[in-house]
Amino acid sequence: MTGLHEECGVFGVYAPHTTDVAAMTYAALYALQHRGQESCGIVVNDRGVFAHHKDLGLVPEVFQAEDMEKLGHGNISIGHVRYSTTGKPNRANAQPIVVRHVKGSMSIAHNGNLTNSRELRERYELKGAIFHTTNDTEVISYAITEQRLQRSSIEEAVEYAMYDLKGAYSLVVMSPNKLIAARDPHGFRPLCMGRCKDGSIVFASESCALDSVDAEFERDIEPGEIVVVEDCNVHSIRTHCGQKRSMCVFEYVYFARPDSVIEGTCVHTARLNAGRILWQEHPVEADVVVGVPDSGLDAALGLSMASGIPYGIGFVKNRYVGRTFIQPSQKMRTNSVRIKLNVLKSVVKGKRVILVDDSIVRGTTCKRIVNLLREAGATEVHMRISCPPFTNPCYFGVDIDSRENLIACQMTIPEICSYIGADSLGYLSLKGVKSLTSPDLQEEDWFCTGCFDGTYPIAVPKEMPKDKFESKIGE
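What follows concerns the pairing of strand β1 (residues 8-19). Of the pairings in the sheet, the one linking β1 to strand β4 (residues 74-82) comprises eight bridges and is antiparallel in character. The partner of Thr 19 across the bridge, within β4, is Gly 74. With four bridges joining them, β1 and strand β10 (residues 201-204) adopt antiparallel strand pairing. Residue pairing for β10: Gly 12 is matched across the bridge by Phe 203.

Structure (structure tokens):
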């Protein structure tokens, strides 16, 4: 797939003693690398002194041995992997960000997208604030800092700042003595908590990061909840809890790793369910089912299990090429399609193929993949997509900022089928995608599906371009 961007991954650890928390954060960010390949960073807290390193690139590129050594040891650390949804890719926009104010230092890492960041930024600038980045995270840091100057604690500052923050945000916030995790009241983005054998408390965007540091998953952070860790004691503030949940359903379809568990459901299981529902909704005679690596594989397996049609490994993936979905430029995504995937001709030659992928955005990548199967000798190619058509922008962290970039806004499904060169095309229904976590029950009503149906859980701006803080004079 191509044309959309997401996401970010956050991690935080509070250890009971001074240790190599940087190494733990590094391992967790490695596990979360799929959520952002643009930049990454780590901040280590050693008794109130913050050491940090961040840059553009993948985790093993940004952090060399000497960088890790300079970070040193401490008892609190936070980290971040990024793909930009607000602010262009540059080192200044890398996270976590560090803020120093009269009451001490603070560092923050953020996954999501604010819908009112433009208004908040203007408000702070009129008060004299000077911004060094063009991302939402610095806006959040000003909101918290403004409250911190008036409140008695950092957690109270986060609590009151959340009244001003609108949209999607899962946060890890570090003060000299505390680690705080917070999730927006609608729970758009995932955030979970775990505990290590030595008593360390950890927070991460996905449970797979907990596994990487040998932490036991404890629970998901509730939407609206603020969890505070101090001296390894944990307490929660639930002032903002109780609103209607609106989890991004695309976490299950694409973003999350299949071995992660989100809101009690294994992502792998949800994708198997997607394949089963796809077969129920769009059956077709075929000889083999293949998936597009990686996030199409589980749905393809589910479709195969439901249909009885053999599952085949149709593509060999070059593991040294990043995900086309979250590479920064369209040219990079286009050029990487052929070098990323190669067809196993023996699996598809002379056969009717059901090809399963997670989505179609512009259609260009899908068209190339269908053509690869044709060139390899497939007699028929039946395309199945494990989510509904994208027809609306997302304002909560997925970089869908224009309907003109979405093929489903320009063509009917039969026209898309013809364009990509498939013999048939079937999308998962809206009801089906809402049922991924409970296929035997009625459709869930706690997912955000605004990008599919245009129904958003909160008010959204008329437009929100990615470079809204980087427009040229006169634009």
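Moving on, we come to the packing of aromatic side chains. Evaluated as defined, the whole model comprises 15 aromatic pairs. Geometrically, the ring pair formed by Phe 250 and Tyr 254 is stacked, given 6.0 Å between the ring centres and 25° between the ring planes. Placement of both Phe 250 and Tyr 254 in helix α8 (residues 250-255) is noted, with a separation of four residues, approximately one turn of the helix. The exposure classification of Phe 250 matches that of Tyr 254, with both residues buried. Measuring from ring centre to ring centre gives 6.3 Å for Phe 396 and Tyr 456, while their planes differ by 65°; the resulting arrangement is edge-to-face. Note that Phe 396 is positioned in the loop between β21 (380-385) and α14 (413-420) and Tyr 456 in the segment after α16 (450-453), a separation of 60 residues in sequence. Through a chain of ring-to-ring contacts, three or more aromatic side chains come together here, namely Phe 250, Tyr 254, Phe 255, Phe 390 and Phe 452. Here the basic side chain of Arg 121 rests over the ring of Phe 131, its NZ or CZ set 4.3 Å away from the ring centre.

Quick look at the sheet that holds β21 now. Across a sheet, strands are paired by hydrogen bonds formed along the backbone, either parallel or antiparallel in direction. Spatial ordering of the open sheet is given by β17-β20-β21-β22, a layout of four strands whose pairing is parallel. Edge positions in the open sheet fall to β17 (288-291) and β22 (424-427), since each of these has one partner strand only. Geometrically, the sheet is characterised by an average inter-axis angle of 20° between neighbouring strands, direction not taken into account. Bridge count for strand β20 (residues 352-357) against β21 is six bridges, and the pairing is parallel. Each residue of the ladder has a partner; that of Asp 357, found in β21, is Ile 385. Each of β17, β20 and β21 touches helix α10 (residues 297-307); the most contacted strand, β17, lies at about 160° to it.

In this section: the sheet that holds strand β8 (residues 179-183). The strand order across the open sheet built from six strands is β5-β6-β7-β8-β12-β13, with neighbouring strands paired in antiparallel fashion. The open sheet has two free edges, formed respectively by β5 (97-101) and β13 (233-237), since each of these has just one partner strand. Adjacent strand axes in the sheet meet at a mean angle of 20° when their direction is disregarded. In this sheet, strand β6 (residues 104-114) lies alongside β5 in antiparallel orientation, the contact comprising five bridges. Residue pairing for β6: Val 99 is matched across the bridge by Met 106.

How each quantity is defined
- Residues numbered from 1 in each chain as written.
- Predicted model: local features only at pLDDT ≥ 70, side-chain atom pairs only at ≥ 80, totals over all residues.
- Heavy atoms only, no water.
- Pairing = 2+ DSSP bridges.
- Helix = DSSP H or I, 4+ residues; strand = E, 2+ residues; numbered from the N terminus.
- Phe/Tyr/Trp six-rings, centres within 6.5 Å; stacked < 30°, edge-to-face > 60°.
- Buried < 20%, exposed > 50% of the residue type's maximum accessible area, 1.4 Å probe, protein only.
- Lys NZ or Arg CZ within 6 Å of the ring centre and 35° of its normal.
- Axes fitted to C-alpha atoms, helices over the stretch in contact; angles between N-to-C directions.
- Contact = heavy atoms within 4.5 Å.

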